[in-house]
Amino acid sequence: MARKGQYTYEYPHPAVTADCVVFGYDGKELKVLLIKRGKEKEASTTAYVGQWALPGGFLDANSDKNVAFTASRELREETGLQIAPQNLVEFSTYSDIDRDPRERVITVAHYALVKLEKVQADTDAEKAEWFSLADVPALAFDHDAILSDALARIKEDIHFRPVGFDLLPDVFTLPQLQNLYEAILQVKFDRRNFANKMKHYHILDQIDDGTPRHGTRTPIQYSFNKQGYDTLKEEKDFMLEF
């Protein structure tokens with residue numbers, strides 16, 4: 001650990017934080033995980049106390065091996081949610097000079113999509129809750145912009161990555177998959193066209209559960225074929241279109 005006054009530089013150093021946009025899916029709509037800011041125990045600051053914000057916090061220069069580790073650690077400490085650093089997608093950096101009233105702070109934003117689970121506030125978070133996107137209050141700092149950018153990013157990524165399959169059970173139906181994609185893209189698809197396109201990509205395996213298909217309305221069940229997806233991704237100009 002560095003001793004006080006050990007390093008002296010001509011220019012002051014900004015602080016670095018990580019912020020996390022965590023989306024969950026309840027089978028009908030996307031939700032986002034927010035924390036209600038309490039008084040920071042270490043800094044004794046009153047910045048945005050009592051306001052809702054994205055989970056996140058300061059990089060520990062002595063122990064955090066990278067900013068994704070910071071994001072994962074802060075998420076666990078503030079909400080109890082455990083997401084490995086490699087499962088967080090870094091999507092943007094925010095560095096406006098007045099974005100944080102405490103000091104000059106640069107933040108690196110990450111997103112993740114997870115199955116909904118109970119969360120519990122801790123450290124300097126007073127509360128931790130899942131919010132429907134339509135019910136998100138005005139957020140602290142520049143977190144409204146970060147949330148908006150995260151939504152735009154997953155709408156792009158869904159065409160190039162298997163975004164969202166982790167939100168479904170291992171075995172799912174096409175209506176369940178369509179509902180998920182509609183929730184992410186905030187559009188409505190024709191059911192037959194959506195089914196035909198998804199089958200065309202060969203990334204779904206039909207599950208034979210022994211149910212007779214003739215004369216039954218029981219939906220066909222599928223699982224995600226990662227090998228088929230990886231093969232498709234190797235093609236030139238790869239893009240999933242819906």
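Everything below is about the structure printed above this text.
This is a predicted model, so every value here is computed, not measured.

Asker: Just to check I follow, could you spell out helix α3 (residues 174-185) for this structure?
Answerer: Because an α-helix completes one turn every 3.6 residues, residues spaced three or four positions apart along the sequence face the same direction. Compared with the 16 Å implied by 1.5 Å per residue over 12 residues, the 16 Å span of α3 between its first and last C-alpha is a close match. For α3, a buried count of 9 out of 12 residues is recorded, marking the element as mostly surrounded by other parts of the structure. Positive backbone phi, approximately 55°, marks Gln186, located one or two places after α3.

Asker: Please clarify how helix α1 (residues 67-79) should be interpreted in this entry.
Answerer: In this model, α1 (13 residues) spans 18 Å end to end at C-alpha, consistent with the 18 Å of a helix rising 1.5 Å per residue. Along α1, 10 of the 13 residues are buried, which leaves the element largely enclosed by surrounding structure. Of the positions making up α1, those classed as buried are Val67, Ala68, Thr70, Ala71, Ser72, Arg73, Glu74, Leu75, Glu78 and Thr79. Contact partners of the buried residues in α1: β1 (15-25), β2 (30-37), β4 (56-58), β5 (89-94), β6 (105-115) and β7 (125-132). The distance from a side-chain oxygen at the start of α1 to the backbone nitrogen of Ala68 is 3.2 Å, and the residue carrying that oxygen is Asn66. Once α1 ends, the next one or two residues include Gly80, with phi positive near 85°.

Asker: What's the story with unusual backbone geometry in this structure? I'm lost.
Answerer: Phi is mostly negative for residues that are not glycine, and the peptide bonds are mostly trans. Here the phi dihedral of Tyr48 falls at roughly 60°; this positive angle occurs in a residue that is not glycine. Note on Tyr48: relative accessible area 28%, which makes it partly exposed. For His202, which is not glycine, the phi dihedral falls at a positive 60°. You can see His202 is positioned in the loop between α4 (191-200) and β9 (204-207). Classification of His202 as exposed rests on a relative accessible area of 58%.

Asker: Mind showing me how you'd approach the packing of aromatic side chains here?
Answerer: The geometry of an aromatic ring pair comes down to the distance between the two centres and the angle between the two planes. Applying the stated criterion to the full structure yields 9 aromatic pairs. Arranged with centres 4.2 Å apart and planes meeting at 25°, the rings of Phe165 and Phe224 form a pair that is stacked. Within this pair, whereas Phe165 is found in the loop between α2 (143-157) and β8 (172-173), its partner Phe224 is found in strand β10 (residues 221-224), the two being separated by 59 residues in sequence. The buried category is assigned to Phe165, whose relative accessible area is 8%. Given a relative accessible area of 24%, Phe224 falls into the partly exposed group.

What counts, and at which threshold
- Residues numbered from 1 in each chain as written.
- Predicted model: local features only at pLDDT ≥ 70, side-chain atom pairs only at ≥ 80, totals over all residues.
- Heavy atoms only, no water.
- Helix = DSSP H or I, 4+ residues; strand = E, 2+ residues; numbered from the N terminus.
- Expected span 1.5 Å × (residues − 1).
- Buried < 20%, exposed > 50% of the residue type's maximum accessible area, 1.4 Å probe, protein only.
- Contact = heavy atoms within 4.5 Å.
- Polar contact = N/O pair within 3.5 Å; in protein donor to acceptor, adjacent residues only side chain to side chain.
- Phe/Tyr/Trp six-rings, centres within 6.5 Å; stacked < 30°, edge-to-face > 60°.

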